[in-house]
Amino acid sequence: MKRLVSLCIVSVVSAAAFGGLSLLPAPREVVQRDGFFTAAEDADGVKASFSTDASIPKEGYRLVISQTGISVASSDPAGAFYARQTLRQLAEKAGEGWRYPCVEIVDHPQYSWRGVLLDEGRHFFGKETVRKLLDLMARYKFNVFHWHLTEDQGWRLEIPGYPKLTQCGAMRRRSPAHGATLKRGKERFSYASTEMTTEQYGPFFYTAADVREILAYAKERHIQVVPEIEMPGHAMSALGSYPEFACFPERIPAGAAADDWGIFPDVYCIGNDATIRFLEHVIDYVCELFPSPVIHIGGDECPRIRWEECPKCQARMKAEGLKKSGDLQAWLTRHMAERLAKKGRRVMGWDEILGGDVPKTAIGQSWRLGGREGAGTEHVSGADGAVKGYDMVMSPHVLTYYSNHQGLEEELFPRNGKGLSLEKAYTFDPASGVPEEARKHILGGQCCLWGEYLWNGYDLAWRMWPRAFAMSEILWSAPANRDFAEFSKRAAAERRRLIGMGISCGPMK
Ligand code: ACM
Ligand code: ZN
């Protein structure tokens, strides 16, 4: 009953007054009153009285602005932080000071996992861009920064004891040129860009001190940083540094990361104990550095063809009673899941990891909708993962890969992927197709910014906004209130504000 009442209030408000307030993501309940509170301070400095109210859901808040002052109640510090973010969107410059419209807002998130993935493997953006991204994530109430730190084309994290990862693996001898397109070759897993540069790219990487700086910055903004270390595929940067960790070292171009985009047949040799010790060392170190309760081990797009001809991998299969080469990936995932569990962490991986018998404590990230995407490996849909009892984070590529172009006639940047307009992005629903009883396993969703066709922070922001407004609303706001026409008005106003703040934004299309 209470729920029904609150939904009614929102729908009345969204039709009548919401456009005037222009908040993103839309709060659950808004009651607008006459008048303003005025103050000399902006939203970061303005005084507000804070109180604790245990009945308010996690990360939620109640914000009351009257002509005499501002009060905030929440059950946790994150809720108070999000009230402040709402205040920042409400603040209007008034002469020398600021004014805040009188309003009562009751708000809490729909999902606990509200993520953004940044791939720094293909292009390296660096700390300043990451800090800007975290600032904007906080503004729109995102709370997970999924930091994709290793890729075929670049290893971005310094690891004590393995200096070549950052001397060689963080560098490419050449790269696809701006404007080049990637073509598939005749052989399986062969790809080539139509034009390459001759310049060396990198080495670019983060030290432990850099990471600690970013972690502290994210923590102040109530953002959990979830690092991703890819295994067993997407590992050419590590194999270029240490070819002995591949099934056939002599086939690996040594001394650098892969120089073109694509999927590579060479992956870690799961039959080699030295490879496993290396991966354990990396994961142990990542656990020391990152406090995240969840560690992402990738697992997507891992061809099995080398394992099928590798004597060591075949011997591992025999010794462990594994029936098919794909079981080697499940064996590695279980191994890492157990190691992480001993440290009190949960393993997370792309939906491929659910193809094997991994413990139910694993978190799956759904990116494929079906077919033979992802090197033709086992497919477990997000809904199936949830039905099996896995907690899932939803990021289906057709709706959440914002590095894909927007489907416009004229593009500022080289096109990649299928067109994903703002309107289409807004149709994403993490719970879609998931039976009611399995919905408790849907932790939330993510937009993903893959780096092949993003060269710098300008490109990144241009692709991200305004589509990430849609994601913030999908993950935070009440689904019953979704209305693209009304959202578009608020998004257009907020986009203008971002442009005023010097942030590049794609079109409202
Ligand atoms: C992915 O897009 N390969 C996770
Ligand atoms: Zn092998």
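Remember, predicted model here, so these are calculated numbers, not experimental data. (Residues numbered from 1 in each chain as written. Chains lettered and ligands numbered in written order. Predicted model: local features only at pLDDT ≥ 70, side-chain atom pairs only at ≥ 80, totals over all residues. Heavy atoms only, no water.)

> Explanation requested: the overall build of the protein chain in the structure shown.
Across its full length, the protein chain holds 17 helices and 18 strands. Scaling as 2.2 N^0.38, a compact globule of 509 residues should have a C-alpha radius of gyration of about 23 Å, and the protein chain matches this with 24 Å. C-alpha atoms of the protein chain, sized along the principal axes, occupy 75 × 50 × 40 Å. Within the protein chain, buried positions represent 61% of all 509 residues. (Helix = DSSP H or I, 4+ residues; strand = E, 2+ residues; numbered from the N terminus. Rg over C-alpha atoms; globule rule 2.2 N^0.38 Å. Buried < 20%, exposed > 50% of the residue type's maximum accessible area, 1.4 Å probe, protein only.)

> Whenever I open this one, unusual backbone geometry confuses me. Can you help?
Glycine aside, negative phi is the norm for most residues, and most peptide bonds take the trans geometry. Omega for the peptide link from L24 to P25 comes to -5°, which places this bond in the cis form. Mapping P25 onto the fold places it in the loop between helix 2 (18–21) and strand 1 (29–39). A cis geometry characterises the amide bond from M231 onward to P232, with omega recorded as -5°. Note on placement: P232 falls in the loop between strand 13 (224–228) and helix 7 (236–241). We note that F189 has phi near 55°; this positive angle belongs to a residue other than glycine. If you check the backbone angles, H234 has positive phi at about 50° while not being a glycine. Within the fold, H234 resides in the loop between strand 13 and helix 7.

> Even after reading the chapter, I still don't get the coordination of the zinc ion (ligand 2), so can you show me in this structure?
Each donor-metal-donor angle would ideally measure 109.5 degrees in four-coordinate tetrahedral geometry, or 90 or 180 degrees in six-coordinate octahedral geometry. Within the protein, C247 (SG), C269 (SG), C310 (SG) and C313 (SG) serve as the donor atoms for the zinc ion (ligand 2), at 2.3 to 2.4 Å. Every donor counted, the four donor atoms about the zinc ion (ligand 2) form angles of 107 to 112° at the centre, which fits tetrahedral coordination. Taken in chain order, the donor set of the zinc ion (ligand 2) reads C-x21-C-x40-C-x2-C. Residue C247 is located in the loop between helix 7 and helix 8 (273–289), and its partner C313 is located in helix 10 (residues 311–320); the two are separated by 66 residues in the primary sequence. The exposure classification of C247 matches that of C313, with both residues buried. (Donors = N, O, S within 2.8 Å, 3.2 Å for Na, K, Ca; no water. Tetrahedral: all angles 85-135°; square planar, octahedral: opposite > 155°, others 65-115°.)

> Just checking my understanding: could you explain the environment of I70 for this structure?
Within the element layout of this structure, I70 appears in strand 4 (residues 69–74). Expressed as a C-alpha distance, the spacing of I70 and A48, which sit 22 residues apart in the sequence, is 4.8 Å.

> Explain the environment of F469 to me, please; I cannot follow it from the model alone.
Tracing the backbone shows F469 in helix 16 (residues 467–476). The buried category is assigned to F469, whose relative accessible area is 0%. Taking C-alpha positions, F469 is 7.0 Å from P25, a pair spaced 444 residues apart along the chain. If we ignore the near neighbours within four places in the chain, the residues touching F469 are L24, Y140, F487, A491, E494, R495 and L498. (Contact = heavy atoms within 4.5 Å.)

> How should I be thinking about helix 17 (residues 484–500) in this particular structure?
Here helix 17 contains 17 residues, and its C-alpha end-to-end distance of 24 Å stays within 8% of the 24 Å for a straight helix at 1.5 Å per residue. When we look at burial in helix 17, the residues that qualify are E486, F487, S488, R490, A491, A493, E494, R495 and L498. Of the residues flanking the start of helix 17, the one acting as N-cap is D483, its side-chain oxygen 3.1 Å from the backbone nitrogen of A485. Looking one or two residues beyond helix 17, the residue adopting positive phi is G502, at roughly 85°. (Expected span 1.5 Å × (residues − 1). Polar contact = N/O pair within 3.5 Å; in protein donor to acceptor, adjacent residues only side chain to side chain.)

> Hey, could you run me through the packing of helix 8 against helix 11 (residues 326–342) in this one?
Viewed as axis vectors pointing N to C, helix 8 and helix 11 meet at an angle of 35°, and their least axial separation amounts to 11 Å. In the crossing of helix 8 with helix 11, the sense of the turn from one axis to the other is right-handed. Contacts between helix 8 and helix 11 involve I276, L279, E280, I283, D284 and C287 from the former and W331, L332, H335, M336, R339 and L340 from the latter. (Axes fitted to C-alpha atoms, helices over the stretch in contact; angles between N-to-C directions. Left-handed = near helix turned anticlockwise from the far one by under 90°.)

> Can you walk me through helix 15 (residues 457–464) in this structure?
The α-helix winds at 3.6 residues per turn, so residues separated by three or four positions along the chain end up facing the same way. Of all eight residues making up helix 15, six are buried, and the element is well covered by its neighbours. Taken residue by residue, helix 15 has D459, L460, A461, W462, R463 and M464 as its buried positions. In this structure, the buried side of helix 15 is in contact with strand 7 (113–119), helix 4 (127–139), strand 18 (442–449) and helix 16. Backbone nitrogen of Y458 and a side-chain oxygen of the N-cap are separated by 3.1 Å at the start of helix 15; the cap is N456.

> Would you take a moment to explain the nonpolar core for this structure?
Nonpolar side chains tend toward joint burial in soluble globular proteins. Y268 and W465 are the most contacted members of the largest nonpolar core, which has 138 residues in total. At nine residues, helix 8 tops the list of elements feeding residues into this core. With residues near it in sequence (within four places) discarded, Y268 still touches W155, E230, M231, P232, A235, A238, L239, F245, T275, F278, L279 and W307. W113, M348, I363 and L443 belong to the second-largest nonpolar core, a separate cluster that totals eight residues. (Core = buried A, V, L, I, M, F, W, Y, C linked by side-chain atoms within 4.5 Å.)

By themselves, these observations are geometric and do not establish any function.
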